[in-house]
Amino acid sequence: MFSPDRYLAALRFAAEKHLQQKFPGSELPYLVHVVTVAAEVIAHLPVLGLANPDLAVSCALLHDTLEDTTTTHEELVGRFGGAVAAGVHALTKRDVPDKMADSLRRIREQPREIWIVKLADRIANMDAPPHYWTAEKRLAYRDEALTIADALGSASPALDARLRARIAAYPA
């Protein structure tokens, strides 16, 4: 079952951690991005049949805290439990060769809820690219989205279809 109390706790934590950040290429607070990812997950909850919707929603709100803030893994464990911390950790890109393959491998080792968050994250990121991206960067980002859909789309036919539609409409 989805808990509004857990949602608010994760939202407040994310808001605090991302307070000074802006969404790349805009003046919007970064929090808009994590709320958009959570909205994608919440909108699909009725058809997803997730065993742990709170895990998916919490990870959607917190998915960039390890990567983009001073948040520690231990802090996430203490506030939200080991499953959320593990999910956020899996969603965090590492500075390793072939980051995408590493990221997808770690996500695929997690419950389906984490796969859903990655699909929702890329859906949210498939709006207009930042104005300063080159055509080559936009094309690479679109191709990366296809890789994500191919690797994780089986977690949700609805989110897979939504991501593929966003890819098709993406300005490359």
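Below, the structure is looked at part by part. (Residues numbered from 1 in each chain as written. Predicted model: local features only at pLDDT ≥ 70, side-chain atom pairs only at ≥ 80, totals over all residues. Heavy atoms only, no water.)

**Focus on the overall build of the protein**
Stage number 1. Check the secondary structure of the protein and you find 10 helices and 0 strands.
Stage number 2. Along the protein, helices and strands appear, N-terminal first, in the series α-α-α-α-α-α-α-α-α-α.
Stage number 3. Compactness check: the protein gives a C-alpha radius of gyration of 15 Å against a globular reference of 16 Å for 172 residues, within 12% of the reference.
Stage number 4. A principal-axis box enclosing the C-alpha atoms of the protein has dimensions of 40 × 35 × 30 Å.
Stage number 5. For the protein, the residues scored as buried account for 47% of the 172 residues in total.
Stage number 6. Of the roughly 8,400 Å² that the protein leaves accessible, carbon and sulfur atoms contribute 57%.
Stage number 7. Averaging the coordinates of the 20 positive side-chain charges in the protein and doing the same for the 22 negative ones gives two points 2 Å apart. (Helix = DSSP H or I, 4+ residues; strand = E, 2+ residues; numbered from the N terminus. Rg over C-alpha atoms; globule rule 2.2 N^0.38 Å. Buried < 20%, exposed > 50% of the residue type's maximum accessible area, 1.4 Å probe, protein only. Areas by Shrake-Rupley, 256 points an atom, 1.4 Å probe, with all protein chains shown as cover. Lys, Arg positive; Asp, Glu negative; His and termini not counted. Charge placed at Lys NZ, Arg CZ, Asp CG, Glu CD.)

**Some remarks on the packing of helix α5 (residues 73–80) against helix α6 (residues 82–91)**
Stage number 1. Interaxial distance between α5 and α6 falls to 7 Å at its minimum, and their mutual angle equals 145°. Of the two elements, α5 crosses α6, and the hand of that crossing is right-handed. Contact with α5, carried on its side by H73, L76, V77 and F80, involves G82, V84, A85, A86, V88 and H89 of α6 and no other residues of that element.
Stage number 2. Among the residues making up the contact of α5 with α6, the classes are represented as 7 nonpolar, 3 polar and no charged. (Axes fitted to C-alpha atoms, helices over the stretch in contact; angles between N-to-C directions. Left-handed = near helix turned anticlockwise from the far one by under 90°. Contact = heavy atoms within 4.5 Å. Nonpolar A, V, L, I, M, F, W, Y, C, P; charged D, E, K, R; others polar.)

**Notes on the packing of aromatic side chains**
Stage number 1. All chains considered together, the criterion is met by 4 aromatic pairs.
Stage number 2. Between F13 and F80, the aromatic rings sit 5.3 Å apart at their centres with planes inclined by 80°, giving edge-to-face as the arrangement. Here F13 is found in helix α1 (residues 4–17), whereas its partner F80 is found in helix α5, with 67 residues between them in sequence. For the pair shown, F13 and F80 are each scored as buried.
Stage number 3. Between W133 and Y141 the ring centres are 5.0 Å apart and the planes differ by 65°, which places this aromatic pair in the edge-to-face class. For the pair W133 and Y141, a shared accessibility class is recorded, and that class is buried.
Stage number 4. Ring-pair connections join several aromatic residues into one group, and the members of that group are W133, Y141 and Y170. (Phe/Tyr/Trp six-rings, centres within 6.5 Å; stacked < 30°, edge-to-face > 60°.)

**A closer look at the layout of surface pockets**
Stage number 1. Considered as a void within the structure, the largest pocket measures approximately 810 Å³ in volume.
Stage number 2. Those elements giving two or more residues to the lining of the largest pocket turn out to be α2 (31–48), α4 (65–68), α7 (99–108), α8 (112–125) and α9 (135–152).
Stage number 3. Counting residues per element, the lining of the largest pocket draws most heavily on α8, at 5 residues.
Stage number 4. For the lining of the largest pocket, the per-class residue count stands at 16 nonpolar, 6 polar and 11 charged. (1 Å grid on protein atoms, 1.4 Å probe; cavity = no way out; pocket = protein on both sides within 12 Å on 5 of 7 lines; lining within 4 Å. Points joined across faces, edges and corners; volume = space filled by probe spheres on them.)

**Some points on the side chain of R122**
Stage number 1. Along the chain, the position of R122 falls in helix α8.
Stage number 2. A distance of 3.2 Å separates a polar side-chain atom of R122 from the backbone oxygen of Y141.
Stage number 3. What R122 contacts, discounting residues up to four positions off in sequence, is M100, Y141, E144, A145, I148 and L163. (Polar contact = N/O pair within 3.5 Å; in protein donor to acceptor, adjacent residues only side chain to side chain.)

**Description of α8**
Stage number 1. For α8, built from 14 residues, the straight-helix expectation of 20 Å at 1.5 Å per residue is met to within 8% by its first-to-last C-alpha distance of 20 Å.
Stage number 2. For α8, the tally of buried residues reaches 13 of 14 residues, placing the bulk of the element in the interior. (Expected span 1.5 Å × (residues − 1).)

**A few points about α1**
Stage number 1. Look at α1: 20 Å from first C-alpha to last across 14 residues, which is about the 20 Å you get at 1.5 Å a residue.
Stage number 2. Tucked inside the fold, the buried residues of α1 contact α2, α3 (53–62), α4 and α5.

**Digging into the environment of V35**
Stage number 1. Here V35 is to be found in helix α2.
Stage number 2. Excluding its chain neighbours within four sequence positions, the residues that come into contact with V35 are Y7, L11 and L61.

Geometric descriptors of this kind do not, in isolation, establish any biological role.
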